[in-house]
Amino acid sequence: MTDADPTGPEDDPRTDPASEPAPESAPESADEDLVFLDDAAPEDAPEDAAIGEAPGSRWTMLIVDDEPEVHAITKLVLSDFAFKGRKARFLSAHSAAEARRILARESDIALILLDVVMETEDAGLRLVHHIREELQNRNVRIILRTGQPGQAPERAVILDYDINDYKAKTQLTAQQLFTTTVAALRSYEDIVAIDANRRGLEKIIEASSSLFRARSMKLFAAGVLTQLSGLLGVGPDAILCVQRGGAGTPGSSNPAVEAATGNGLYVLAGSGRFEDLINEPAAGHVDPAVLTAVTACLEKRAHVFAGDHCTLYIRTPNDRETVVYLRSNRPLSDLDRKLIEVFCGKISVGFDNLHHYEQLYRAQQGTLAALADLAERGRGALTPDGPAKDGAACTEMGADAAEDGVVDGAEGNRFCRLLRIAAITERIARRLHADGLFADTLDESTLEIIGLAAILHDIGNAAVNPAILSKPGPLDAAERSAMQAHTVAGASLLNQASHLADGPTHLHLGAAVARWHHENWDGTGYPDGRTGAAIPLCARIVAVADAYDAMTRDRPYRPALGRDRAVDEIRRLAGLRFDPAVVDAFLAVLPEIDLPRSAAGPAA
């Protein structure tokens, strides 16, 4: 049933009250008893509803009574009813069974005018029990009207049933019906508002709990958009922009981004038509009208609500600024705006926490990479001017490039190479996780630390003579044995260090990687000759990442292989040297691993 035709098929035919003369105001006297309509007011009156009205623009009232005259007189008396600018919309049921069918399909009934005695003497009371206990509808207001009060004593009914008023039909005058209806609707409106607030706050608590489990700024930002869209019930088109750089912006830390984007705005997360803009600078990519709304919000430093969209300003305790643009197909209510205030205030600290977490993670990455670099080089690796020879620190690409899977141009730079291996390892692991493989091993905590563990895979090279590491020709048997000992040495060192922390940490995982990343799937590797699944999964993943990196850069004993040749070689060795499932995951993420620098965008 639509608002254009609000009378359900259950209604008895009636004439249109609008075609009749408007009723005179009921006199305020003691003899205001209702009289039944005569033949001048036939029963087939359609509802007084305007075609095309929006849902919820009227108060929906359900009349449940087995006497057709009661339906007619109720609608006539309330034909010009209006409360808070909303008129009445009537539904009719002539039995409790019919009412149950209407209640099953209608979700916005505010008031039920209910007869007690219909197909059975207690049909109305049974319907009350159905509404409150089976449908769990505590919001709708129920007014019992009975022509036989002796069969349903008022005191017993009020105590035993969850109804809101009780009236004898002979006592319910036009004025009393109006007053009772207004009181019931006012109560209904308050209950609905309280319930909406409760559900909104529950959503905020649930959303915040799930969001704060994220360990990635991009995932957190995407979650913010998802939760806001669900909280407000608006469409999928949303965008989240972050200002990084820009004159006078607190926390500005990337002049290159500022220069590239002009105003320092870039897209951290997007959904709907904005999904393809993630990591793009806002200028030149975001629609001019949307960009204008976002920049205006930043300038005002306040939420801005328009008819078809809103822009939300989120300022963190450390003065980092974020703007969310949400497309809406309706104006947001006062309740929506209050929920936004609560939600934005609750999550603002999340952006700061994630920023600090990522900075700490990168600092840890850098520390481990630097130490592993020095360990691989051995004696003389550090000079008063910094790392010797090819140990210069990564350029601007650095950790950001490694994290984004960007190929480092300085192939001889061990520091950047370690970060690159870590990035490849993490991408393979996350792909396996996304495919539902190794669920018992690749949980979220493992995914967070496997990249750090990969950095430490060759830390045992500190125990190997540097001359062996840099020998341009083939190794003899003694040299090969000394070289292979780096796996045991690295594992021993990391096992010792891991005792200082409760596991699992990257040190525990790193010990397994260091010892077994040279084991082969077919059992021909070292140091223990493990085979298949007996090799820890983390070591099997690092084996592929390390091999790809080694093949695609110059080594003392051979020049770098081309990308295609390296990939063909890894594919050929699946099932021999490498775990076939890991190789499949590697091939799946290969386009991301070799993503050109220009397409990587700023790291979040």
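Residues numbered from 1 in each chain as written. Predicted model: local features only at pLDDT ≥ 70, side-chain atom pairs only at ≥ 80, totals over all residues. Heavy atoms only, no water.

## Focus on the overall build of the chain
Tallying secondary structure elements over the chain gives 20 helices and 13 strands in all. Burial statistics for the chain: of 604 residues in total, 47% are counted as buried. In the chain, 65% of the contacts between residues at least 6 apart in sequence involve partners at least 24 apart. Taken as a whole, the chain presents about 28,500 Å² of accessible surface, with 54% of it coming from carbon and sulfur. (Helix = DSSP H or I, 4+ residues; strand = E, 2+ residues; numbered from the N terminus. Buried < 20%, exposed > 50% of the residue type's maximum accessible area, 1.4 Å probe, protein only. Contact = heavy atoms within 4.5 Å. Areas by Shrake-Rupley, 256 points an atom, 1.4 Å probe, with all protein chains shown as cover.)

## What about the confidence of the model for the chain?
Of the residues in the chain, 74% reach a pLDDT of 70 or more, and the chain-wide mean stands at 76. Looking across the chain, the model is least confident in helix 20 (residues 597–600), with a mean pLDDT of 37, and most confident in strand 1 (residues 59–64), with 96. The low-confidence segment residues 245–262 (pLDDT under 50) makes 22 contacts with residues lying over four places distant or belonging to another chain. Confidence drops under a pLDDT of 50 for residues 596–604, and excluding neighbours within four residues, the segment shows 27 contacts in the predicted structure. (pLDDT = per-residue confidence, 0-100.)

## Thoughts on the sheet that holds strand 2 (residues 82–83)
The strand order across the open sheet formed by six strands is 2-3-1-4-5-6, and the pairing between neighbours is mixed. For this open sheet the edge positions go to strand 2 and strand 6 (165–168), each flanked by a neighbour on one side alone. Across two bridges, the pairing between strand 2 and strand 3 (residues 86–93) is antiparallel. Across the sheet, residue Phe 83 finds its bridge partner in strand 3, namely Arg 86. Seen against the sheet, helix 1 (residues 68–77) touches strand 1, strand 3, strand 4 (109–115) and strand 5 (141–146) and runs at an angle of roughly 180° to strand 3. (Pairing = 2+ DSSP bridges. Axes fitted to C-alpha atoms, helices over the stretch in contact; angles between N-to-C directions.)

## Thoughts on the side chain of Asp 65
Topologically, Asp 65 is positioned in the loop between strand 1 and helix 1. Leaving out residues up to four positions away in the same chain, Asp 65 has contacts with Val 70, His 71, Ala 93, His 94, Asp 115, Met 118 and Lys 169.

## Re the packing of aromatic side chains
On inspection of all chains with the given rule, the structure shows four aromatic pairs. Their ring planes at 35° and their centres at 5.7 Å tell us that Trp 59 and Phe 83 sit as a pair that is tilted. Taken as a pair, Trp 59 in strand 1 and Phe 83 in strand 2 lie far apart in primary sequence, 24 residues in all. Here Trp 59 and Phe 83 have matching classes, each one buried. In this arrangement the basic side chain of Arg 86 is found over the ring face of Trp 59, its NZ or CZ atom lying 3.8 Å from the centre. A cation over an aromatic ring shows up here: Arg 530 above the ring of Trp 516, its NZ or CZ 4.1 Å from the ring centre. (Phe/Tyr/Trp six-rings, centres within 6.5 Å; stacked < 30°, edge-to-face > 60°. Lys NZ or Arg CZ within 6 Å of the ring centre and 35° of its normal.)

## Section: the side chain of Thr 487
Tracing the sequence through the fold places Thr 487 in helix 15 (residues 486–498). Assessed through its relative accessible area of 0%, Thr 487 is described here as buried. Not counting residues up to four positions away in its chain, the partners in contact with Thr 487 are Ala 514, Arg 515, His 517, His 518, Tyr 526 and Pro 527.

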